[in-house]
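Structural overview
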Amino acid sequence: MKAVITGLRRVVALVGLPIVLLLVWWFASADSHTAAMPPLKRILKVFPDTWFGERLTDDVLPSLIRLTEGYCAALVIGIVAGVAIGSSRTVRAFVEPVLEFLRAIPPPALVPILFLIAGIGDTTKILVIIAGCVWPILLNTVEGVRGVDPVLVDTCLTYRVSGLLRLRTFVLRSASPQIMTGARQALSVGIILMVISELKASTDGLGYTFEQFQTRFQYPQMWSGVLVLGLIGVVLSLLFRFVESRVLAWHRGQRAAERTSL
Amino acid sequence: MRMRRLAALFAGATLVISAAACGGEKTPTTPTTPGGPDTVNVGVIPIVDVAPIFLGESKGFFTEENIDLNLDTAAGGAAILPGVDGGTFQFGFSNAPSVLIAQTNGLDIKAIASGNGTAGDPDNDFSGLVVKDPSITRPAQLAGKKVAANTQGGIVELAIRELVAKDGGDPNSLEIVAIGFPDMVAALDNDQVDAIFAVEPTLSAAKAKGWSVLGSFATIDPKMTVALYVTSGKLAQENPDLVARFTRAIKKSLEYAQSHPDEVREIVGTYTNVPAEVRANMTLPGWPTEIDSGSLDTLADLIVKYGVTDTRPDVSAILS
Amino acid sequence: MNPYRSFLSRVGTSPALLGLLGLGVFAVLLEILPRAGVLSSDYFPPTSRIIGALWRELGRPDEQFRPSLLTALSDTLVTWLYGLSIAVAAGIVLGLIIGSLPLLREFTASTIEFLRPIPSVALIPGLIVLLGVGREPTLVIVVYASFWQVLVQVLYGVADVDPVARDTARSYHLGPLRRVRYVIWPTALPYVMTGIRLATTVALIVTITGEMVIGTPGLGDNLYIAYSGGDVPVMYALILVTGLIGVVANTITRAGERIVLRWHPSVRGEVAA
């Protein structure tokens, strides 16, 4: 009985507010005559035809594959570079302004530059995703590594714990809550950049589909794409939660977080 | 009490999405002081094609019609047409197929004047299908190859496919890649595509590389109406006087631009970054005052033929 | 000691000099690569040409349809900072509230995850209809994009609070406000600061993007005009300006961080060293 109530409560927590917001949207948009903001009724009506067909395998899947590749590459680069930069004041001072410079270049300006370097194809799109995802991971890793407990640093020194052992058992562990925060942030940034990377010079993908809907003024379809992106965000965050609870099982804050979050 | 404050705060957070999602209707506003000029917002793209409206503004053609012109530059028809439909812009500039497609998909858009046409000469137009590989000498040879168009489903994609089809190639075997005009020369130079379809000033840059032009808008139809000035059906109904005055002013501007190419080359430098030497030598589009409805019919056919929309756009609905 | 080594040791101890050195190396690299033919100089102008174009842009007066660099810069700064302030304030306040109330967090989680990955470009046609092409639509997407960066960092920061400290606070009957002030805030602060740094740049990027796509006056609008006119050096000059704003913004947020986090190990260790 208790399990049923807990399960029910979880479901209500998951869909309760979204349903309320959808209802608000439904009634507020019901008699909209503005083409760019169609009634939710029309958006939901075109949803199955738009997404439950070839698009799922021809556009959504390639997008998700590129997202996975870019995201994983960004994780590796962000954590490796973050540990290196976070551990050394000199390195940090040397590279930080250049990194900040690169971070501030807007993706629409970056995409044409990457076309020139990496050509038109999956490589450029993955590079765009990396170029956006890497920053939250890198910054959080740097801060996490910088902020390790000085008592633990001294302990490590005293016990002569060094090298890879020190990195694995101590530096990465201490920094992991903040690294996970960065990884979480990067996930939704990655979805956004997945779309942006496909707006131009693409032949498939969610972004390509979005661009088609916009240039063909198919706004109900475009808004149904917005719903798809949101759903992808929810599903990926559930997956992320699952991974995170394994990685951070030891961490004190995690227990509280697990109880209350998605 | 606390709960209410929380609710208010949360409402604030979701306001953004709900504002974007559930916005109701916005009536086209023409902020008019009695007796004063009508302020109109016009959505344009910062390209050579819209030179007449900038020229007409500087010549005072709009002031003569008691119109205070406010030109807003946007990134393309995909941003301008919903703005015209929703009343943000009273008038807008967009390529003709986009207007037809928009109308088919329920946007309330009416054409009021021609935007621009071809230069009239198939061998020397302001547009061109350009190849780098000298062994490709005719469009049919592009079958199965990668060709760059500025957008998916726009006039450029239609033109590429039609040029290949007219030459006996299979238009559906082409792989069309959307690349902005300014990036096309680099893409072809680095062999990322096999051909590009560019307009001025990109076309000049491509020609300067010594590449050859295989066809243009003018090859398909020398009288083709490439772009249109549009308004919303609502404004046309509610304020026909304003629409008539704007139409008179824009037609006068088009006429003036057509007969004063040097002034056009001059004014383009004030709203674009096209260098003076390029402006002096580039091919200008034609600026007829009247819409060539026959070419709109051709475009409507091409839109269906190449699967951009399922139903054929209703040309008369745009022109009425 | 030879002069070379004394120079190195002086640079090595000053973060500012090291940072400038880093930027210098980067600039030299971007000068050499196009000149050596590794990158085509038609599409990648060398640093010197970019700086030349920037110099000319600085000298260009306001024109009717193309504002001067300084006018565009100030437009961008206003939109950016305005949007950033709203996003940071809303992100911190809502993050603390949602983070400290488990029930609220549980019930908002799915909605937050749903809304975050929606790209602001998807909202643009609707926003143009609702708000026109002035500052407002760009402001909305700036707030929308950067708000989540702050909110999520704050939520994680609040979750990181030591349960012992939380229980202690409860047993001492600390009121909700004092709990936030003395227990939650100090733990969350490093996360918040990283969130602000992330949001600062995201807000800048989205400001420029909105100006490019919507046509809101500012650096992005000038950037789009330069881009569509094929003026590559000016385009890069404006990207350079954007990047430099990012560097300056980071320097300022770093300085702010040193002040508010001076008690935290991440900063304390370095001040002492």
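Residues numbered from 1 in each chain as written. Chains lettered and ligands numbered in written order. Predicted model: local features only at pLDDT ≥ 70, side-chain atom pairs only at ≥ 80, totals over all residues. Heavy atoms only, no water.

Focus: the overall build of chain C
For chain C, the count of helices and strands is 12 helices and zero strands. Start at the N end of chain C and walk to the C end: the helices and strands fall as α-α-α-α-α-α-α-α-α-α-α-α. The buried share of chain C, taken over its 273 residues, is 57%. For chain C, the accessible surface area stands at approximately 11,300 Å², while carbon and sulfur atoms represent 70% of it. Here chain C holds 20 positive side-chain charges and 17 negative ones, and the gap between their average locations is 11 Å. (Helix = DSSP H or I, 4+ residues; strand = E, 2+ residues; numbered from the N terminus. Buried < 20%, exposed > 50% of the residue type's maximum accessible area, 1.4 Å probe, protein only. Areas by Shrake-Rupley, 256 points an atom, 1.4 Å probe, with all protein chains shown as cover. Lys, Arg positive; Asp, Glu negative; His and termini not counted. Charge placed at Lys NZ, Arg CZ, Asp CG, Glu CD.)

Examining helix 2 (residues 40-51) of chain A
Residue and element names in this part refer to chain A. For helix 2, which comprises 12 residues, the first-to-last C-alpha distance of 16 Å matches the rise-based estimate of 16 Å (1.5 Å per residue) to within 8%. Along helix 2, the residues classified as buried are L40, I43, F47, T50 and W51. For helix 2, the arc enclosing every buried residue in end-on projection is 95°, short of the 170-degree limit, so these residues lie on one face. Away from the buried face of helix 2 by more than 90 degrees, exposed residues K41, K45 and D49 are located. (Expected span 1.5 Å × (residues − 1). Arc of directions from axis to C-beta.)

What to know about the environment of D167(C)
With respect to the secondary-structure elements, D167(C) resides in helix 8 (residues 163-171). Each C-alpha atom of the pair D167(C) and V248(C) lies 41 Å from the other, and the pair is 81 residues apart in sequence.

Quick notes on the interface of chain A and chain B
On the chain B side, the residues contacting the 29 residues of chain A number 39 residues. Between chain A and chain B the total buried area reaches about 2,700 Å² when both faces are included, carbon and sulfur atoms providing 62% of it. Connecting chain A to chain B are zero salt bridges. At the level of elements, helix 1 (2-28), helix 5 (107-118), helix 9 (206-215) and helix 10 (219-247) of chain A are the ones that each hand at least two residues to the side of chain A that touches chain B. Split into classes, the residues belonging to the side of chain A that touches chain B amount to 16 nonpolar, 11 polar and two charged. (Contact = heavy atoms within 4.5 Å. Buried area = accessible area lost by both parts, 1.4 Å probe. Salt bridge = Lys/Arg side-chain N within 4 Å of Asp/Glu carboxyl O. Nonpolar A, V, L, I, M, F, W, Y, C, P; charged D, E, K, R; others polar.)

Re the interface of chain A and chain C
On the chain C side, the residues contacting the 76 residues of chain A number 73 residues. In total, about 6,600 Å² of surface goes out of reach between chain A and chain C, with carbon and sulfur atoms giving 67% of it. Area buried by chain A at its contact with chain C is led by F101(A), R146(A) and Q185(A), which between them contribute 10% of it. Counting across the chain A and chain C interface gives six salt bridges. Scanning the region where chain A abuts chain C turns up 18 residue pairs in polar contact (both at pLDDT 80 or more). Elements supplying a minimum of two residues to the side of chain A that touches chain C: helix 1, helix 4 (89-103), helix 5, helix 6 (122-146), helix 8 (163-199), helix 9, helix 10 and helix 11 (252-260) of chain A. At 14 residues, helix 10 of chain A tops the list of elements feeding residues into the side of chain A that touches chain C. Its residues assigned to classes, the side of chain A that touches chain C shows 48 nonpolar, 16 polar and 12 charged. (Polar contact = N/O pair within 3.5 Å; in protein donor to acceptor, adjacent residues only side chain to side chain.)

Re the confidence of the model for chain C
All names here are of chain C. This prediction gives chain C a mean pLDDT of 81; 91% of its residues lie at or above 70. Mean pLDDT across the elements of chain C ranges from a minimum in helix 12 (residues 265-272), with 54, to a maximum in helix 4 (residues 69-100), with 91. The ipTM value of the predicted complex is 0.81, and its pTM value is 0.82. (pLDDT = per-residue confidence, 0-100.)

A closer look at the environment of A104(A)
Tracing the chain through its elements places A104(A) in the loop between helix 4 and helix 5. Apart from the residues lying within four places of it in its own chain, the contact partners of A104(A) are T201(C), L204(C), I205(C), T242(C), G243(C) and G246(C).

Focus: the sheet that holds strand 1 (residues 38-44) of chain B
Residue and element names in this part refer to chain B. Read from one edge of the open sheet, five strands run 2-1-3-10-4, paired in mixed fashion. Both edges of this open sheet fall to strand 2 (67-73) and strand 4 (109-117), since each of them pairs with a single strand only. Direction aside, neighbouring strands of the sheet carry axes that sit 25° apart on average. Sheet topology note: the strand 1/strand 2 ladder contains seven bridges and is parallel. Paired with G43 across the two strands is D72, which belongs to strand 2. (Pairing = 2+ DSSP bridges. Axes fitted to C-alpha atoms, helices over the stretch in contact; angles between N-to-C directions.)

Considerations on the pairing of strand 4 of chain B
Along any regular strand the residues' side chains alternate between the sheet's two faces. All names here are of chain B. Most of strand 4 is tucked away, with nine of its nine residues classed as buried. Relative to strand 10 (residues 225-232), strand 4 runs antiparallel, the two being bridged by seven bridges. Its bridge partner being in strand 10, A113 is matched across the sheet by Y229.

Some thoughts on unusual backbone geometry
In the segment running from E200(B) into P201(B), the intervening peptide bond is cis, with an omega of 0°. The residue F217(A) is not glycine, and still its phi comes out positive at about 60°. Turning to its location among the elements, F217(A) is positioned in the loop between helix 9 and helix 10. We classify F217(A) as buried; its relative accessible area is 1%. Phi is positive for D191(B), close to 60°, though the residue is something other than glycine.

A short note on a nonpolar patch on the surface
Residues and elements named next belong to chain A. A contiguous nonpolar surface patch, about 780 Å² in accessible area, is contributed by V11, L14, V15, I19, L23, W26, F27, L44 and L238. Considering each element in turn, the nonpolar patch owes the most residues, seven residues, to helix 1. If you trace the backbone, V11 turns up in helix 1. (Patch = residues over 30% accessible without salt bridge, like charges linked within 9 Å, V, L, I, M, F, W, Y side chains within 5 Å.)

Notes on the domain arrangement of chain B
All names here are of chain B. For chain B, the assigned domains read domain 1 (38-119 + 223-308) and domain 2 (127-215). Measuring from the centre of the C-alpha atoms in domain 1 to the corresponding centre in domain 2 gives 25 Å. Across the domain 1/domain 2 interface, buried area totals approximately 1,200 Å², and carbon plus sulfur atoms make up 72% of it. Together, T283, L302 and Y306 form the three largest contributors to the area buried by domain 1 at its contact with domain 2, with a combined 39%. The tally of links between domain 1 and domain 2 comes to one salt bridge. Residue K305 is joined to E162 by a salt bridge in which the shortest nitrogen-to-oxygen separation is 3.1 Å. Inspection of the region where domain 1 meets domain 2 yields three residue pairs in polar contact (both at pLDDT 80 or more). Of all elements in the fold, only helix 5 (96-104) and helix 14 (293-305) reach the threshold of two or more residues within the side of domain 1 that touches domain 2. In terms of residue count, the dominant contributor to the side of domain 1 that touches domain 2 is helix 14 (four residues). Of the residues contributing to the side of domain 1 that touches domain 2, the split by class is 13 nonpolar, two polar and one charged. (Domains from an automatic or database assignment.)

Observations regarding the pattern of salt bridges
Across all of its chains, the model carries 29 salt bridges over all chains by this definition. Where D167(B) meets R138(B), a salt bridge forms, and the shortest distance between an N and an O atom there is 2.5 Å. Within this pair, whereas D167(B) is found in the loop between helix 6 (155-166) and strand 7 (175-178), its partner R138(B) is found in the loop between strand 5 (127-131) and strand 6 (146-149), the two being separated by 29 residues in sequence. The class of R138(B) is partly exposed, set by a relative accessible area of 45%. The partner of R60(C) in a salt bridge is E57(C), and the shortest N-O contact between them spans 3.0 Å. With respect to burial, R60(C) and E57(C) carry one shared label: buried. Taken together, the shared-partner salt bridges in this structure form one network comprising E96(A), E100(A), R103(A), E143(A), R197(C), R254(C) and E257(C).

Regarding the sheet that holds strand 5 of chain B
Residues and elements named next belong to chain B. Spatially, five strands are ordered 7-6-8-5-9 in an open sheet, and the strand pairing comes out mixed. Looking at strand neighbours, the two that pair on one side only are strand 7 and strand 9 (212-215), the edges of this open sheet. Here the strands of the sheet are splayed against their neighbours by 35° on average, with no regard to which way each runs. Two elements, strand 5 and strand 8 (residues 195-199), share five bridges in a ladder whose sense is antiparallel. Within the sheet, the bridge partner assigned to V130 lies in strand 8 and is I196. In this fold helix 6 packs onto strand 5, strand 6, strand 7, strand 8 and strand 9, with an angle of close to 145° to the strand it touches most, strand 6.

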